[in-house]
Amino acid sequence: MSEVEELAGTDSYLAVAEGRVLDVADGLVVLDRTVFYARGGGQPGDTGRITWDGGAAMVTDTMRRAGVIVHEIAGDMLPEPGMAVLGEIDWTRRYETMRTHTALHALSGVVYRDFGAKVTGGNMEPGSARMDFELDGISQEFGQEVEARLNAELVRGYPTEIVWMARTEALADPDLIRTKVNLIPEWVEEIRVVDIVGLDRQADGGTHVRSTLEVGQVRVVKTESKGKANKRMRIELS
Ligand SMILES: [Zn+2]
C-alpha cells in the first residue's frame, strides 16, 4: 500500500482535505491523504464525514490498523477505491480535544516542575481528562493548589511548537526521558516532540493548540488515589 499523507501531525488546524480512496473493507476506508487524527496517546480519534461525487458518509472513529490510518464509516454507503473524496473533521470536537490535550501537557509540566512528580498515565475526551502521577498522597487541597498554579501559567501564553528529533538525540534529552521516550518502538527513528516552550516537552503524536491562551482556564474537579504512587487528577475545561 502507498504511503498515507497524515496531515494532523503537521497542521493541527486543518479541518478539511482532499484525498483519494486506497482501500475499502469491513466499513473501513483508507485514504492516501487525511486530516483525521487516529486515536492514540490518550487522544480520541476524529469523527466527521467524507463526501465524494454522488455520495457521503459519516466517519464515527479513526484508528490505526497495522500502522495505517483507517476511517470507520457508519451505514452502507461507501466510496470505491480510486475515488476522489473530501474529508472533513468535526472541528468543534477536535478543537476542544486540542485544548484539552495541551491542558494535560501543561498540567504535567507544572506538577513535575513544582512537585517533582512524573506522569504514570492519562486519558482524555473533548473538554475533560484525567492524569495519574507518581505521588505519595493526594488531597482536594493539593488539587486546588495545582489548579491555581496551572491557570496562572496558562494565561502567560506559552507557545506550542512541534519539533522532530532523531531518536538518539531524543533518548539523551532529560525532559523526554522523564516522559518515557524509551517506550517508543525502536523502529521509530524520528521522534515528534510537542514543546510548550518553557513549560513542558514530551514525545507525543497528538494535536495541540498554538498557545496555552487558547486552552482558557481549567478546573481540577476530582482527586483520587488509584494505588501506591498512582494519584489521579480529573480536569475540565472551564
Ligand atoms: Zn500528549
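Residues numbered from 1 in each chain as written. Predicted model: local features only at pLDDT ≥ 70, side-chain atom pairs only at ≥ 80, totals over all residues. Heavy atoms only, no water.

Novice: Just checking my understanding: could you explain the sheet that holds strand β5 (residues 48-52) for this structure?
Specialist: For sheets, the rule is that strands pair by backbone hydrogen bonds, running either parallel or antiparallel. Spatial ordering of the closed barrel is given by β2-β3-β7-β6-β5-β8, a layout of six strands whose pairing is antiparallel. Direction aside, neighbouring strands of the sheet carry axes that sit 45° apart on average. Of the strand pairs in this sheet, β5 and strand β6 (residues 55-65) are connected by five bridges, and their pairing is antiparallel. When the bridges of β6 are listed, Trp-52 appears paired with Gly-55. (Pairing = 2+ DSSP bridges. Helix = DSSP H or I, 4+ residues; strand = E, 2+ residues; numbered from the N terminus. Axes fitted to C-alpha atoms, helices over the stretch in contact; angles between N-to-C directions.)

Novice: When you look at the sheet that holds strand β11 (residues 160-166) in this model, what are you seeing that I'm missing?
Specialist: What the three strands build is an open sheet, ordered β11-β12-β13; its pairing is antiparallel. Either end of the sheet is taken by a strand with one partner, and the two such strands are β11 and β13 (200-203). Between one strand axis and the next, the sheet turns through 25° on average, direction left out of account. One ladder, built from four bridges, connects strand β12 (residues 190-196) with β13; its direction is antiparallel. In the strand pairing of β13, Val-193 is matched with Ala-203. Docked against the sheet, helix α1 (residues 91-115) engages β11, β12 and β13, running at close to 115° with respect to β13. (Contact = heavy atoms within 4.5 Å.)

Novice: Looking at this structure, how should I read the packing of aromatic side chains?
Specialist: Given two aromatic rings, one states the distance between the centres and the angle between the planes to describe the pair. Scanning the model with the defined rule gives four aromatic pairs in all. Look at Tyr-13 and Trp-91: their rings are 6.1 Å apart centre to centre, the planes differ by 45°, and that puts the pair in the tilted class. Of this pair, Tyr-13 sits in the loop between β1 (5-6) and β2 (16-25) while Trp-91 sits in helix α1; the two residues are 78 residues apart in sequence, bridging distant segments of the chain. For Trp-91, a relative accessible area of 28% puts it in the partly exposed group. Seen from their ring centres, Tyr-13 and Tyr-95 are 6.5 Å apart, and the 55° between their planes marks the pair as tilted. Remark: Tyr-95 occurs in helix α1 and Tyr-13 occurs in the loop between β1 and β2; sequence separation between them is 82 residues. Here the aromatic residues Tyr-13, Trp-91 and Tyr-95 are joined through ring pairs into a cluster of three or more. (Phe/Tyr/Trp six-rings, centres within 6.5 Å; stacked < 30°, edge-to-face > 60°. Buried < 20%, exposed > 50% of the residue type's maximum accessible area, 1.4 Å probe, protein only.)

Novice: Sorry if this is basic, but what is going on with the coordination of the zinc ion here?
Specialist: Note on metal sites: the ideal angle is 109.5 degrees for four tetrahedral donors, and 90 or 180 degrees for six octahedral donors. Around the zinc ion, the protein contributes the donor atoms His-101 (NE2), His-105 (NE2) and Asp-204 (OD), at 2.0 to 2.1 Å from the metal centre. All donor residues of the zinc ion come from one chain, and their arrangement in sequence is H-x3-H-x98-D. Remark: Asp-204 occurs in the loop between β13 and β14 (218-225) and His-101 occurs in helix α1; sequence separation between them is 103 residues. Note on accessibility: His-101 and Asp-204 belong to one class, buried. (Donors = N, O, S within 2.8 Å, 3.2 Å for Na, K, Ca; no water.)

Novice: What's the story with the environment of Pro-159 in this structure? I'm lost.
Specialist: Relative to the helices and strands, Pro-159 is located in the loop between α2 (140-154) and β11. Taking the C-alpha atoms as reference points, Pro-159 and Ile-196, separated by 37 residues in sequence, lie 5.8 Å from one another. When residues no more than four places from it in sequence are discounted, the contact partners of Pro-159 are Asp-195, Ile-196, Val-197, Arg-210 and Ser-211.

Novice: Which parts of the structure should I look at to understand the environment of Arg-64?
Specialist: Tracing the backbone through its elements, the reader meets Arg-64 in strand β6. Residues Arg-64 and Ala-38, 26 residues apart in the sequence, show an inter-C-alpha distance of 6.1 Å. Residues contacting Arg-64, with those up to four places away along its chain left out, are Glu-6, Ala-38 and Ile-69. Separated by 2.9 Å, the side chains of Arg-64 and Glu-6 make a polar contact. Here the side chain of Arg-64 touches Gly-67 through a polar contact of 3.0 Å, landing on its backbone oxygen. (Polar contact = N/O pair within 3.5 Å; in protein donor to acceptor, adjacent residues only side chain to side chain.)

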